[in-house]
Structures are given as structure tokens and as C-alpha cells.
Amino acid sequence: MTQERQIQRPDGRGTPRRLSVEEAAPILGVSVFTVRKLIRQRAVPFYRVGRRVVLDADDLERFLRQHRVEPREP
């Protein structure tokens, strides 16, 4: 198990705060290719550590909330 997976969130939710592209894809409900595309387009915030790309779980949740589509009123 990597050290990143062992780090718990301060709020105790148990998921790591920093995520790889592969870990972020299921959270967003898209493929790894789509996450990489969002990163290239700078549509989602990310960190670059050397050549590695790391995403913040809170940024992903914020991204999802910003792209929420409300239902139409009947």
C-alpha cells in the first residue's frame, strides 16, 4: 500500500485528500482518458509534482457541484 493511501483526511472520512488520475476517474464517473483531457483543458484544478499529476478530492467535489444541472420545473 502506498503512503498516500495511508494518509487519512482531517475530517475522518477515510478517503485520501490527494488523488491520482486513476483514483479521480471513478469519483467523477468518467474514464481516465477524460480526466486527463480535463486536466489538459485546465477545466479541473490539479497539482504537478515532478511529472506526476495529483488532484485534490475537495476540488473534484467543487467541480462536480459547479457542473450540476438542475431539473426543469413542470
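Keep in mind the model is a prediction, meaning the values are calculated, not measured.

S.K.: How do you make sense of the overall build of the chain when you look at a structure like this?
M.R.: Scanning the chain for helices and strands turns up four helices and three strands. Reading the chain from its N end, one meets helices and strands in the order α-β-α-α-β-β-α. Contacts in the chain between residues at least 24 apart in sequence constitute 43% of all its contacts with a sequence separation of at least 6. Within the structure as shown, the chain displays about 5,800 Å² of accessible surface, and the carbon and sulfur contribution to it stands at 52%.

S.K.: What am I meant to see in the packing of helix H2 (residues 21-28) against helix H4 (residues 57-66) here?
M.R.: To describe two helices that pack against each other, one gives the angle between their axes and the distance between the axes. Two elements in contact, H2 and H4, have axes separated by 11 Å at closest approach and are oriented at 35 degrees. In the packing of H2 onto H4, the handedness of the crossing is right-handed. Counted together, Ala24, Ile27 and Leu28 of H2 and Leu60, Glu61, Phe63 and Leu64 of H4 form the full contact between these two elements.

S.K.: Honestly, the confidence of the model for the chain in this entry has me stumped. Any pointers?
M.R.: Interpretation of this model should avoid reading the predicted coordinates in detail wherever pLDDT is low. Averaged over the chain, the pLDDT score is 85; the fraction of residues at 70 or greater is 78%. Overall, residues 1-8 carries pLDDT values under 50, and its contacts beyond four positions in sequence, including any with other chains, amount to eleven contacts.

S.K.: Help me out: how do you make sense of the side chain of Asp59 in this one?
M.R.: Note on placement: Asp59 falls in helix H4. A polar side-chain atom of Asp59 sits 2.6 Å from a polar atom in the side chain of Arg62. Dropping the residues within four chain positions of it, Asp59 is found in contact with Pro45 and Tyr47.

S.K.: I keep staring at the environment of Ala25 and nothing clicks. Help me out?
M.R.: The topology assignment puts Ala25 in helix H2. Between the C-alpha atom of Ala25 and that of Arg36, which follows or precedes it by eleven residues, the distance is 9.2 Å. In this structure, Ala25 is in contact with Val30, Ser31, Val32 and Val35, ignoring residues within four places of it in sequence.

S.K.: Any chance you could explain H4 here in plain terms?
M.R.: Residues spaced three or four apart along an α-helix point in a common direction, a consequence of the helix completing one turn every 3.6 residues. Those residues of H4 that fall on the buried side of the exposure criterion are Ala57, Asp59, Leu60 and Phe63. Buried positions in H4, seen along its axis, are confined to an arc of 160 degrees and lie on one side of it. Facing away from the buried side of H4 by over 90 degrees, the exposed positions are Arg65 and Gln66. In this fold, the buried residues of H4 make contact with strand E1 (18-19), H2, helix H3 (32-40), strand E2 (47-49) and strand E3 (52-56). Where H4 begins, the side chain of Asp56 points an oxygen toward the backbone nitrogen of Asp58, at a separation of 2.8 Å.

Thresholds, definitions, all that
- Residues numbered from 1 in each chain as written.
- Predicted model: local features only at pLDDT ≥ 70, side-chain atom pairs only at ≥ 80, totals over all residues.
- Heavy atoms only, no water.
- Helix = DSSP H or I, 4+ residues; strand = E, 2+ residues; numbered from the N terminus.
- Contact = heavy atoms within 4.5 Å.
- Areas by Shrake-Rupley, 256 points an atom, 1.4 Å probe, with all protein chains shown as cover.
- Axes fitted to C-alpha atoms, helices over the stretch in contact; angles between N-to-C directions.
- Left-handed = near helix turned anticlockwise from the far one by under 90°.
- pLDDT = per-residue confidence, 0-100.
- Polar contact = N/O pair within 3.5 Å; in protein donor to acceptor, adjacent residues only side chain to side chain.
- Buried < 20%, exposed > 50% of the residue type's maximum accessible area, 1.4 Å probe, protein only.
- Arc of directions from axis to C-beta.

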